[in-house]
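Residue-level structure breakdown
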Amino acid sequence: MAGAFHYARRVQFAETDLAGIAHFSAFFRYMEEAEHALWRAAGLSIGKAEETGGWPRVSAAFDFKSPLRFEDEFDVAIQLGAVTQRSLQYTCTITRGDTLVATGTMTSVCTRREEGQMRAVDLPAEVIARLRKVLEEA
């Protein structure tokens, strides 16, 4: 997938249900792990809210196509989708070899704490530029 950041992963036992299939909730963690790896590749940390803002999720969804099982190796490809003045959307494709496993999206809003309240603020231009640079080089 051109313009996508790739993150390799293996299904852990604790992520599976009684049938040995990765629980649906694990997919959201996989997407978030790929997001954090993308930020690290850009020389950023999503955990440094004082520098990059806070990034609460306002939407997340997955469509499941094929199961992942314990010890399956898979790839999480993450891209920037819609970028607005105050939010960014990631698109995510999870594959196991040539098999499409799931597709998903996640939208985050940039926030700052002001007078004890979390408020949406404009995206830092440098953050978006650095993320896009990594994706262009992927």
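Summary of the structure given here. The written sequence of each chain sets the order in which its residues are numbered from 1. Residue-level local features of this predicted model are given only where pLDDT is at least 70; pairs of side-chain atoms are given and counted only at 80 or more, and the full residue set underlies all totals for whole chains, interfaces and linings. Remark: hydrogens and water are excluded; side-chain values derive from all non-hydrogen atoms of the structure.

**Details of the overall build of the protein chain**
A count of helices and strands for the protein chain gives three helices and seven strands. Only DSSP runs of H or I covering at least 4 residues are called helices, and only runs of E covering at least 2 are called strands; the numbering of each starts at the N terminus. Along the protein chain, helices and strands appear, N-terminal first, in the series β-α-α-β-β-β-β-β-β-α. Taken over C-alpha atoms, the radius of gyration is set against a globule rule of 2.2 Å times the number of residues to the power 0.38. Over its C-alpha trace the protein chain gives a radius of gyration of 16 Å, about what one expects of a compact globule, namely 14 Å for 138 residues. By its C-alpha atoms, the protein chain is 50 × 35 × 20 Å across when sized along the principal axes. Residue exposure (1.4 Å probe, protein chains only): buried if accessible area is under 20% of the type maximum, exposed if over 50%, otherwise partly exposed. Expressed as a percentage of the 138 residues in the protein chain, the buried residues total 41%. We treat Lys and Arg as the positive residues and Asp and Glu as the negative residues; His and chain ends play no part in the count. Where a charge sits is defined by one atom per residue type, namely NZ (Lys), CZ (Arg), CG (Asp) or CD (Glu). Put simply, the protein chain has 16 plus and 19 minus side-chain charges, and the middle of one group is 2 Å from the middle of the other.

**Digging into the sheet that holds strand 1 (residues 5-10)**
Across the sheet, five strands lie side by side as 1-3-4-5-2; this open sheet has antiparallel pairing. Looking at which strands have only one partner, the edges of the open sheet turn out to be strand 1 and strand 2 (57-64). Put simply, the sheet's adjacent strands are angled 20° from each other on average, direction ignored. Each pair of strands is called paired provided DSSP finds at least two bridges between the two strands. Relative to strand 4 (residues 87-96), strand 3 (residues 73-83) is paired through seven bridges, and the arrangement is antiparallel. Paired with Leu 80 across the two strands is Tyr 90, which belongs to strand 4. Here, two residues are considered to be in contact whenever any of their heavy atoms come within 4.5 Å of each other. Helix axes are fitted to C-alpha atoms over the stretch in contact, other axes to C-alpha atoms as well, and angles between N-to-C directions run from 0 to 180 degrees. Here helix 3 (residues 125-137) sits on the sheet in contact with strand 1, strand 3 and strand 4, set at roughly 135° to strand 3.

**Focus on the side chain of Ser 87**
With respect to the helices and strands, the residue Ser 87 is situated in strand 4. The buried category is assigned to Ser 87, whose relative accessible area is 14%. Within the structure, the side chain of Ser 87 is placed 2.7 Å from the side chain of Thr 84, a separation counted as a polar contact. Leaving out residues up to four positions away in the same chain, Ser 87 has contacts with Ala 82, Thr 107, Ser 108, Val 109 and Leu 123. In protein, a polar contact requires one atom able to donate a hydrogen and another able to accept it; more generally it is a pair of N or O atoms within 3.5 Å, and residues adjacent in sequence count only if both atoms are side-chain atoms.

**Thoughts on the pairing of strand 7 (residues 117-120)**
Inspection of the sheet shows strand 6 (residues 111-114) paired to strand 7 by four bridges, in the antiparallel sense. Residue pairing across strands places Glu 114 opposite Gln 117, the latter belonging to strand 7. From the end of strand 6 to the start of strand 7, which pair antiparallel, there are two residues, and Glu 115 there has a positive phi angle of about 55°.

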